[in-house]
Amino acid sequence: MKRRKRCRTNPGVDGQSLVDDFYTSSTSCLLDRTSDWSFDVFQLNHSSNGRPLLHVVLKLFQQHNLMDHFNLDIVKLMKFANLVEEGYHQNPYHNVIHAADVTQAMHCYITQEKIARHLSPLETMIALVAAITHDLDHPGVNQAFLIATSNHLASLYKNNSVLENHHWRSAVGVLLESGLFDHLPMAVRNNIIKQMKSLILATDMTRQQEFYTRLKTHVLSGDLDMSRSEHRHFILQIALKCADISNPCRSWATCKMWSNRVCDEFFQQGDYERKLSLPVTNLCDRFTNKVSSIQTGFIDFVVEPLFKEFSKFMPCAVLTEQLNNMYTNRRNWETILKEEQLLTNNVALTKQLDINSNIEDTAATWACLSDSDSDVYVSCDDSEVDEAPCDITDIHCDIALVAERMDWVDNSASDRRPSLPALPTLLNRQEAYNGRRESFPLIHDNRRTALPQPEPYRALSFDRLVETLTCIDWHLPREKKSSLNLDNLRAEPRLSTLSPNIQTSLITNYLASEELLSK
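All figures in this text were calculated on a predicted structure; none of them were measured in a lab. (Residues numbered from 1 in each chain as written. Predicted model: local features only at pLDDT ≥ 70, side-chain atom pairs only at ≥ 80, totals over all residues. Heavy atoms only, no water.)

A. Representation of the overall build of the protein in the model. The secondary structure content of the protein amounts to 25 helices and 0 strands. The contacts in the protein between residues at least 6 apart in sequence include a share of 74% that link residues at least 24 apart. If you sum the accessible surface of the protein, you get close to 28600 Å²; carbon and sulfur atoms cover 53% of it. (Helix = DSSP H or I, 4+ residues; strand = E, 2+ residues; numbered from the N terminus. Contact = heavy atoms within 4.5 Å. Areas by Shrake-Rupley, 256 points an atom, 1.4 Å probe, with all protein chains shown as cover.)

Below, the structure written as structure tokens:
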């Protein structure tokens, strides 16, 4: 029976440890690049089955030799990492992947020569733990939303750095529950908690201008002395702030993914505010904002100023690469923004043209319908019926017929019900004029009569009557005149279903009078 491989908790002869045994081959290859700015946390998330933070924590604690220096228990460290992972919600942006990304970025900064040679192991560990827990238990909404909804956290922290205070308290709770630092002296533990609070509270975006002004002042005066603990702590605050907003400084593919995620979270909050009938926050309205415009403004007013001053303080290859990526991403977002604006303008122009076209059609319709106030009469004797082909617009076109054709008209540009139905858009002006409403039936003189006036005392044969009725088509224009016979008349619906009530009455009276005359 094959014996199970025994895990080692201490480095062996070959330099391996429990942490190395824990990794898979693909995860190990990705973690070997944690010191490179091209590190892809999304690939690590996929390779580690959704547990990137656990692997980053174990790797960096081992790489900085913190486990040996502070005699940390590997089981407690893994418990701490597990509790932190459970504390992050499945938000689009503020989740465990973001925590792993910020921790790796923080690692890149504190390993630079100008900082690394002055940091103590305790400061290194505090910086990493603060980065790991800086957004712990983030609800996926900002401070303004918590205050507007009278959340208990806003009341607890008196509307002052509500989320950051909650992240720090949650981090302290995880440390106490895991017992990671229980073996350290009380003074050391208090110092860890105090410095963690200062670092995490520095990530409050409402204090962005405060830290930028301080850094710019120090850079201009050149009075930053890394041998002083307060100056080192201030640089760690700046490093954590830069790590927290470093997404625009990643490669374009990674930057785009992070940008879509953070905007999804913004828009999600806007949906919450809309459902609660609250004023929608400016950047959280998905109907008035675009990802490209949000990211362009974020780079211009938040990222670029801070990173430029930080690179002046600490010129290095990492910050140079970050600035180059940032400028490239800024140009890409600007290009996308221009394309979106051009597309929006084209769509708006197309809609305006459609509206103008509908207005013109409606005006032509009203012009045609206004002519119905004067009655028009034409000659309609037997000879004319025989010779001229009969078209519906030559006999009758009333409002009922127009209403039946309304399926041809596109009313999508207007949400209100029109007072009168519009003529079909496929009719030109001349056809619309010919299709105006006329009195029925039509007679020779210029006065309206209740009944049609046929030739006096002239009886129509049945064939003549059928031929006359054939010319009257109450629905659609007839391309070719067809004859009617008794079989067709029996198969058709009743006359009352083919024409309006008034017309039915007129035709009925017409037939009755012809029948009396024939007798």
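B. The packing of aromatic side chains, seen in detail. Applying the stated criterion across every chain yields a total of 7 aromatic pairs. Pairing Tyr 93 with Trp 258 gives two aromatic rings, centres 5.5 Å apart and planes at 80°, and the pair type is edge-to-face. A residue pair is termed long-range when its members are at least 10 positions apart, and Tyr 93 in the loop between helix H6 (74-87) and helix H7 (96-110) and Trp 258 in helix H16 (residues 252-275) qualify at 165 residues. One exposure class covers both Tyr 93 and Trp 258, and it is buried. Among the aromatic residues, those joined into a ring-pair cluster are Trp 37, Tyr 109, Phe 310 and Phe 313. Above the plane of the ring of Trp 168 lies Lys 197, whose end atom (NZ or CZ) is 4.8 Å from the centre. Here Arg 250 stacks its cationic end above the ring of Trp 37, 3.7 Å away from the centre of that ring. (Phe/Tyr/Trp six-rings, centres within 6.5 Å; stacked < 30°, edge-to-face > 60°. Buried < 20%, exposed > 50% of the residue type's maximum accessible area, 1.4 Å probe, protein only. Lys NZ or Arg CZ within 6 Å of the ring centre and 35° of its normal.)

C. Broad picture of the packing of H7 against helix H15 (residues 229-244). Contact geometry for H7 and H15: axes closest at 8 Å, N-to-C directions at 135°. Judged by the angle between their axes, H7 and H15 are oblique. Note on packing geometry: the crossing formed by H7 with H15 is right-handed. In this structure, H7 uses His 98, Val 102, Ala 105, Met 106, Tyr 109 and Ile 110 to contact H15, whose residues at the interface are Leu 236, Ala 239, Leu 240, Cys 242, Ala 243 and Asp 244. (Axes fitted to C-alpha atoms, helices over the stretch in contact; angles between N-to-C directions. Parallel < 35°, antiparallel > 145°, perpendicular 65-115°, else oblique. Left-handed = near helix turned anticlockwise from the far one by under 90°.)

D. Structural view of unusual backbone geometry. Its identity is not glycine, yet Lys 158 carries a phi of approximately 55°, on the positive side. Residue class for Lys 158 comes out exposed when judged on its relative accessible area of 72%.

E. Looking closely at the state of the cysteines. Taken as a whole, this structure holds 0 disulfides when the rule is applied. Not part of a disulfide, Cys 249 finds its nearest cysteine sulfur in Cys 242, a span of 8.1 Å. (Disulfide = S-S within 2.5 Å.)

F. How the structure looks around helix H4 (residues 52-63). Here H4 is 12 residues long and its end C-alpha atoms lie 16 Å apart, about the 16 Å a rise of 1.5 Å per residue gives. Along H4, 10 of the 12 residues are buried, which leaves the element largely enclosed by surrounding structure. Taken together, the buried positions of H4 are occupied by Pro 52, Leu 53, Leu 54, His 55, Val 56, Val 57, Leu 58, Lys 59, Leu 60 and Phe 61. Just downstream of H4, Asn 65 is the residue with a positive phi angle, here 60°. (Expected span 1.5 Å × (residues − 1).)

G. Layout of the side chain of His 134. Locating His 134 in the fold gives a position in the loop between helix H9 (121-133) and helix H10 (143-148). Of note is the side chain of His 134, whose polar atom sits 3.2 Å from the side chain of His 98. (Polar contact = N/O pair within 3.5 Å; in protein donor to acceptor, adjacent residues only side chain to side chain.)

H. A look at the packing of H9 against H15. Axis separation between H9 and H15 bottoms out at 11 Å; the angle between their running directions is 30°. As judged from the angle between their axes, H9 and H15 are roughly parallel. Along this stretch, H9 crosses H15, giving a crossing that reads as right-handed. Facing Glu 123, Ala 127, Ala 130 and Ala 131 of H9, the residues of H15 in contact are Arg 232, Leu 236 and Leu 240. For the contact of H9 with H15, the residue count by class is 5 nonpolar, no polar and 2 charged. (Nonpolar A, V, L, I, M, F, W, Y, C, P; charged D, E, K, R; others polar.)

I. Inspection of the environment of Arg 286 at higher detail. By secondary structure assignment, the location of Arg 286 is in the loop between H16 and helix H17 (291-313). Overall, Arg 286 belongs to the partly exposed group, its relative accessible area being 36%. Setting aside anything within four residues of it in sequence, one finds Arg 286 in contact with Phe 267, Gln 268 and Asp 271. At 2.7 Å, the side chain of Arg 286 and the side chain of Asp 271 are in polar contact.

J. Expanded view of the pattern of salt bridges. All told, the structure shown has 13 salt bridges when counted by the stated rule. The partner of Asp 36 in a salt bridge is Arg 33, with the nearest N and O atoms 4.0 Å apart. Judged by its relative accessible area of 36%, Asp 36 falls in the partly exposed class. The closest approach of N and O atoms between Lys 312 and Glu 309, which form a salt bridge, is 3.5 Å. A residue pair is termed a helical-turn pair when its members lie 3 or 4 positions apart in one helix, as Lys 312 and Glu 309 do in helix H17 at 3 residues. With a relative accessible area of 52%, Lys 312 lands in the exposed category. By relative accessible area, Glu 309 is classed as buried at 6%. Salt bridges sharing common partners tie together Asp 271, Arg 274, Asp 285 and Arg 286. (Salt bridge = Lys/Arg side-chain N within 4 Å of Asp/Glu carboxyl O.)

K. Quick peek at the nonpolar core. Counting 96 residues, the largest nonpolar core has Phe 61, Met 125 and Phe 310 as its most contacted members. With 10 residues, H7 is the largest single contributor of residues to this core. Not counting residues up to four positions away in its chain, the partners in contact with Phe 61 are Leu 66, Met 67, Leu 72, Leu 77, Met 125, Val 129 and Ile 132. Ranked by size, the runner-up nonpolar core spans 8 residues in total, among them Phe 145, Leu 153, Ala 154 and Tyr 157. (Core = buried A, V, L, I, M, F, W, Y, C linked by side-chain atoms within 4.5 Å.)

L. Inspection of H9 at higher detail. Along its 13 residues, H9 runs 18 Å from first to last C-alpha, staying within 8% of the 18 Å computed at 1.5 Å per residue. Within H9, 12 of the 13 residues are buried, leaving the element largely enclosed by the surrounding structure. Residues of H9 that are buried include every one of Leu 122, Glu 123, Thr 124, Met 125, Ile 126, Ala 127, Leu 128, Val 129, Ala 130, Ala 131, Ile 132 and Thr 133, and no others.

M. Up close: the environment of His 134. When its relative accessible area of 0% is taken as the criterion, His 134 is described as buried. Considering only alpha carbons, one finds His 134 and Ala 171, 37 residues apart in sequence, at a separation of 8.0 Å. A distance of 2.9 Å separates polar atoms of two side chains, one belonging to His 134 and the other to Asp 135.

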